[in-house]
Amino acid sequence: MDRSKKSAIILGATGLTGKALLNKLLEDQRYHTIKIFSRTPSQMQHPKSEEHIGDLLTLSKFTSSFNADEVYCCIGTTKSKTPDKEMYRAIDYGIPAAAARLCKENSIPCLLVISALGADAQSAIFYNKIKGEMEEEVLKQGVSHTYILQPSIIQGQRDERRLGEWIAKKLFSAIGIFLQGPLRKYRSIQAVSIADAMIWLANNKYAKNRIPSDEIANIAAYD
């Protein structure tokens, strides 16, 4: 193993952005090991990949194997997929918060988390509020290089069909050209662009912890 190269952990590698991120990290020569933590096997066969299968809702059980130079948290669900609010909170708040605590406990210096545009702990909208509370809990852990990405509608080819999301994607694609200036952050963004931005942030310094969608797109273009 080349000790000059890095290792990374991905939570949510089977999702749209997680898959794009995984593929890019496996091809990135700066990394020697990519650890995939998931509930089910990914079927990924690659000399750099290392799978850890278990319930991410009890992430603390992974403590001994949760070691890397960087952690990428791409976990997220939807109202239609997880209508139970307690379970929604356990996923969208609980898993990223637990990952941040493990980073602190195991002295992992770099954590990148996908949140959402509109995240606000004071919001009256349940889903925005959960994302906002998650962001605050993650930042409270004080991991030295923590970046929270807040994408708008994420574009890309999913394995599953989400009708509401499909309609939203079509709408945002159609009106994107009219979203200028302060409204640029509401333009839809490609999953691969989010993955590119996450990798760039992990390997460079950036002045802000919370990064809205338009800035994510700009960072993705740096390389």
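Here, every reference points to the structure presented above.
Structural notes, computed from the coordinates.

What counts, and where the lines are drawn
- Residues numbered from 1 in each chain as written.
- Predicted model: local features only at pLDDT ≥ 70, side-chain atom pairs only at ≥ 80, totals over all residues.
- Heavy atoms only, no water.
- Phe/Tyr/Trp six-rings, centres within 6.5 Å; stacked < 30°, edge-to-face > 60°.
- Lys NZ or Arg CZ within 6 Å of the ring centre and 35° of its normal.
- Pairing = 2+ DSSP bridges.
- Helix = DSSP H or I, 4+ residues; strand = E, 2+ residues; numbered from the N terminus.
- Axes fitted to C-alpha atoms, helices over the stretch in contact; angles between N-to-C directions.
- Contact = heavy atoms within 4.5 Å.
- Expected span 1.5 Å × (residues − 1).
- Bend = angle between axes of the 7 residues up to and from the residue.
- Buried < 20%, exposed > 50% of the residue type's maximum accessible area, 1.4 Å probe, protein only.
- Polar contact = N/O pair within 3.5 Å; in protein donor to acceptor, adjacent residues only side chain to side chain.

**A word on the packing of aromatic side chains**
Here's step 1: Scanning the entire structure with this criterion turns up seven aromatic pairs.
Here's step 2: Every member of this aromatic cluster is reached through a ring pair, and the members are F37, F62 and F66.
Here's step 3: One residue, K85, lies across the ring of F126, its end atom 4.9 Å from the ring centre.
Here's step 4: Between R89 and the ring centre of Y93, over which it is positioned, the NZ or CZ distance is 4.4 Å.

**A short note on the sheet that holds strand β4 (residues 70–73)**
Here's step 1: Strand order in the open sheet formed by seven strands is β3-β2-β1-β4-β5-β6-β9, and the pairing between neighbours is parallel. On the outer flanks of this sheet lie β3 (49–53) and β9 (210–212), each paired with one strand and no other. When the angles between neighbouring strand axes are averaged without regard to direction, this sheet yields 20°.
Here's step 2: This element, helix α1 (residues 16–27), spans β1 (6–11), β2 (31–38), β3, β4 and β5 (110–114) of the sheet and lies at about 155° to β2.

**Quick word on helix α2 (residues 85–105)**
Here's step 1: In this model, α2 (21 residues) spans 29 Å end to end at C-alpha, consistent with the 30 Å of a helix rising 1.5 Å per residue.
Here's step 2: Most pronounced at G94, the bend in α2 amounts to some 35°, and the proline P96 follows within four residues.
Here's step 3: Along α2, the residues that are buried comprise Y88, I91, D92, Y93, I95, P96, A97, A98, A99, A100, L102 and C103.
Here's step 4: The secondary structure elements touched by the buried residues of α2 are β1, β4, β5 and α3 (126–140).
Here's step 5: With a side-chain oxygen lying 3.2 Å from the backbone nitrogen of E86, the N-terminal cap of α2 falls on D84.
Here's step 6: Following α2 by one or two positions, S107 has its phi on the positive side, about 55°.

Everything listed here is a matter of geometry and, on its own, says nothing about what the molecule does.
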